[in-house]
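Coordinates in review
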Amino acid sequence: QPWSLLQAPNDLTLKLIRDPVILSLASTDYGHIVHDNPFAIFSPSSISDISLLINFSNSLAIPFTIAPRGQAHSVNGQAMANDGVVVNMTELNGFRNGAGIVVVSDGRTNAPYADVGGEQIWIDVLHATLEHGLTPLSWTDYLFLSVGGTLSNAGISGQSFRFGPQISNVHELDVVTGKGDLVTCSSDNNSELFYAVLGGLGQFGIITRARIALGPAPTRVKWLRLLYNDFSAFSADQEHLISFNGRNDTIAADYVEGFLLLNQPPLDLSSFPAPDQPRVTSLVTQYGIIYIIELVKYYDNSTQEHVDEDVKVLVEGLKFVPTFMFEKDASYEEFLNRVHADELFLTSQGLWDVPHPWLNLFVPGSRISDFDEGVFKGIILKQNITAGVAIIYPMNRSKWNDQMSAVTPNEDVFYTVSLLHSTGFDKVEEFQAQNQQILKFCKDAGIEIKQYLPQNKTRNEWIKQFGSKWKTFEERKNQFDPNRILSPGQRIFNSI
Ligand SMILES: Cc1cc2nc3c(=O)[nH]c(=O)nc-3n(C[C@H](O)[C@H](O)[C@H](O)COP(=O)(O)OP(=O)(O)OC[C@H]3O[C@@H](n4cnc5c(N)ncnc54)[C@H](O)[C@@H]3O)c2cc1C
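The structure displayed is predicted, hence computed values, not measured ones.

**Brief notes about the overall build of the protein chain**
Counting its regular elements, the protein chain contains 17 helices and 18 strands. Burial statistics for the protein chain: of 496 residues in total, 45% are counted as buried. Across the protein chain, contacts joining residues at least 24 apart in sequence account for 75% of those joining residues at least 6 apart.

Have a look at this one:
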């Protein structure tokens with residue numbers, strides 16, 4: 001009943017924007033595929049404004065839906081609210097009435113942390129913590145994402161094998177629940193809400209502050225790429241690299257990811273040194289598909305002396321194609337913020353704000369070779385549409401906490417596979433059809449994948465996605481958002 005909003009108390013009405021231009025901005029996202037029109041945008045100037053809005057919705061006979069919008073870097077309308085209200089979280093930052101970013105370190109006894117507003121973006125968290133010689137431990141590849149947005153999913157990158165996803169690096173949260181209560185929660189205090197919200201797809205409450213674990217910041221990185229023509233050697237080496245974790249942290253890599261290089265236009269080799277590009281091209285042409293391990297070792301003044309030796313030990317015995325190892329040295333920030341350079345370039349070419357029919361999957365380690373055969377070498381290589389950026393790397397399930405809402409395959413090692421397509425508006429359906437084909441292949445082959453940043457449509461698909469966690473997920477919804485008003489764009493409790 002969105003029109004009831006027009007009878008909202010004055011102090012709320014003033015912050016509800018119905019300007020058509022602003023409304024249209026909130027009806028799109030990084031995917032440019034789904035367009036849900038909100039009734040209004042809400043510009044909170046304090047955290048209690050969010051409580052007021054939720055309380056008002058709950059007071060109505062038919063409540064309206066509410067979607068917190070971080071950076072809207074979702075690709076399937078997850079931060080939209082059709083005929084509901086989109087909360088522009090960024091306003092909390094603008095008015096400086098949110099939690100801001102406060103770094104706490106007494107330098108001696110307690111482990112350092114940062115108290116960060118849910119609306120803050122990770123690049124700002126990085127800058128604020130680096131000023132203290134500190135850094136969060138777990139990252140996403142791209143840093144212009146909001147803290148509330150990534151914690152509602154998991155927040156994964158090449159550091160996850162070692163430190164777990166970002167949701168495993170949070171000590172405490174402030175959350176405005178779907179009942180309008182502002183609650184502080186942690187693993188010891190209101191733990192049900194804490195675990196619900198982490199990976200909870202925005203279903204239980206709006207994160208207004210997160211206490212993030214920090215560690216000493218390195219200053220520089222050794223950044224390596226190793227090329228493989230054989231998938232089993234590639235995946236065995238990736239799994240070998242992530243197995244150092246916990247066994248020998250001094251020589252363990254700090255980041256392990258992987259990419260595909262496919263013999264499909266456009267073959268972008270700009271990240272390889274110019275003199276090497278011809279021989280990389282020959283390799284790709286010869287094999288059709290090349291797998292790349294991307295590996296990083298951090299260092300600083302105190303470890304500079306032996307970092308080269310550490311890297312040598314790390315790559316010893318790895319089975320990449322001889323001489324196809326590329327190494328560079330970069331600052332820690334340049335490495336972490338690497339995707340921003342691509343963003344600036346793509347924006348300058350008009351290729352950033354285009355449709356993104358992405359598919360992100362978690363694949364059980366025991367079936368990753370079948371996935372390679374059926375999907376990479378099968379569906380993707382054989383079809384005549386370009387793969388975009390294809391990422392693949394393993395993670396250790398032991399670093400995930402099963403009490404949290406986030407779901408993973410039920411194996412010690414599982415892989416994230418991200419097919420990050422960007423395309424013209426006329427080609428979206430072709431990519432969506434390919435994504436469906438991949439999901440069908442997994443189903444038919446009995447590969448028990450989980451979607452990351454899930455895009456399920458039916459209730460049954462959601463039940464399957466959450467598996468044994470579905471019952472708890474549903475109970476938590478009843479407990480914290482009984483009127484089912486939060487984040488309707490995920491299409492979970494309003495699915496068909
Ligand atoms: C270029 C690019 C690179 C990416 N790389 C990675 C990566 O390496 N690793 C990774 O894990 N992800 C990655 N992502 C995905 C990204 O983490 C998610 O899409 C995330 O949701 C984006 O954050 P956001 O602030 O844009 O969230 P939004 O899209 O604004 O919101 C996402 C969901 O969270 C809800 N939400 C937003 N704020 C809050 C809050 N404060 N409290 C509760 N719920 C909230 C929304 O209602 C919505 O349902 C990438 C995305 C892009 C576009």
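**Some details on the domain arrangement of the protein chain**
Along its sequence, the protein chain is organised into domain 1 (2-90), domain 2 (101-216) and domain 3 (220-451). With centres defined by C-alpha atoms, the gap from domain 2 to domain 3 works out at 25 Å. Each partner contributes to the interface: domain 2 provides 25 residues, whereas domain 3 provides 26 residues. Looking at the side of domain 2 that touches domain 3, the elements with two or more residues in it are helix H5 (122-130), helix H7 (160-163) and helix H8 (191-197).

**Some words on the environment of Thr150**
Here Thr150 shows up in helix H6 (residues 147-151). Along the sequence, Thr150 and Ala433 sit 283 residues apart, while their C-alpha atoms lie 27 Å from each other. In this structure, Thr150 is in contact with Thr140, Leu145, Gly155 and Gln166, ignoring residues within four places of it in sequence.

**A word on the site of the ligand**
For the ligand, the set of nearby residues contains 36 residues, the closest of which are Gly70, His73, Ser146, Gly148 and Gly149. Looking at the shell around the ligand, the elements that each hand over two or more residues are strand E3 (66-69), H6 and strand E10 (205-216). Of the residues belonging to the shell around the ligand, the class tally is 15 nonpolar, 19 polar and two charged.

**Focus: the environment of Tyr415**
Mapped onto the fold, Tyr415 is located in strand E17 (residues 413-420). Counting along the chain gives 265 residues from Tyr415 to Thr150, while the straight-line C-alpha distance between them is 19 Å. Filtering out sequence-adjacent residues up to four positions away, Tyr415 remains in contact with Val363, Gly365, Ile368, Ile392, Tyr393 and Pro394.

**A word on unusual backbone geometry**
For Asn190, which is not glycine, the phi torsion reads 50° and is therefore positive. Residue placement: Asn190 occurs in the loop between strand E9 (182-186) and H8. At Arg491, a position not held by glycine, the phi torsion is positive, near 60°. Within the element layout of this structure, Arg491 appears in the segment after helix H17 (470-480). Here Arg491 falls in the buried class, since 24 other C-beta atoms lie within 10 Å of it.

**Looking at the sheet that holds strand E1 (residues 16-17)**
With mixed pairing, the four strands of this open sheet are ordered in space as E1-E2-E4-E3. Each of the sheet's edge strands pairs with one partner strand only, and the pair in question is E1 and E3. Pairing between E3 and strand E4 (residues 85-88): four bridges, direction parallel. From the neighbouring strand, Arg69 faces E4, where its bridge partner is Asn88. The strands touched by helix H3 (residues 47-59) within the sheet are strand E2 (40-42), E3 and E4, with E3 carrying the most contacts at an inclination of about 160°.

**Observations regarding helix H9 (residues 231-243)**
In this model, H9 (13 residues) spans 18 Å end to end at C-alpha, consistent with the 18 Å of a helix rising 1.5 Å per residue. Listed as buried for H9 are Phe234, Ser235, Asp237, Gln238, Leu241 and Ile242. The arc that holds every buried residue of H9, seen down its axis, measures 160°, which confines them to one face.

**Notes on the nonpolar core**
Ranked by internal contacts, the top residues of the largest apolar core, which has 124 residues, are Ile66 and Val85. Looking at which element gives the most residues to this core, the answer is strand E13 (residues 289-299), with nine residues. In contact with Val85, other than residues within four places in its own chain, are Pro38, Phe39, Ala40, Phe42, Leu53, Phe64 and Ile66.

Reading the values: rules and limits
Residues numbered from 1 in each chain as written. Predicted model: local features only at pLDDT ≥ 70, side-chain atom pairs only at ≥ 80, totals over all residues. Helix = DSSP H or I, 4+ residues; strand = E, 2+ residues; numbered from the N terminus. Buried ≥ 20, exposed ≤ 12 C-beta atoms within 10 Å, placed from the backbone. Contact = placed C-beta atoms within 7 Å. Domains from an automatic or database assignment. Near = placed C-beta within 6 Å. Nonpolar A, V, L, I, M, F, W, Y, C, P; charged D, E, K, R; others polar. Pairing = 2+ DSSP bridges. Axes fitted to C-alpha atoms, helices over the stretch in contact; angles between N-to-C directions. Expected span 1.5 Å × (residues − 1). Arc of directions from axis to C-beta. Core = buried A, V, L, I, M, F, W, Y, C linked by C-beta atoms within 7 Å.

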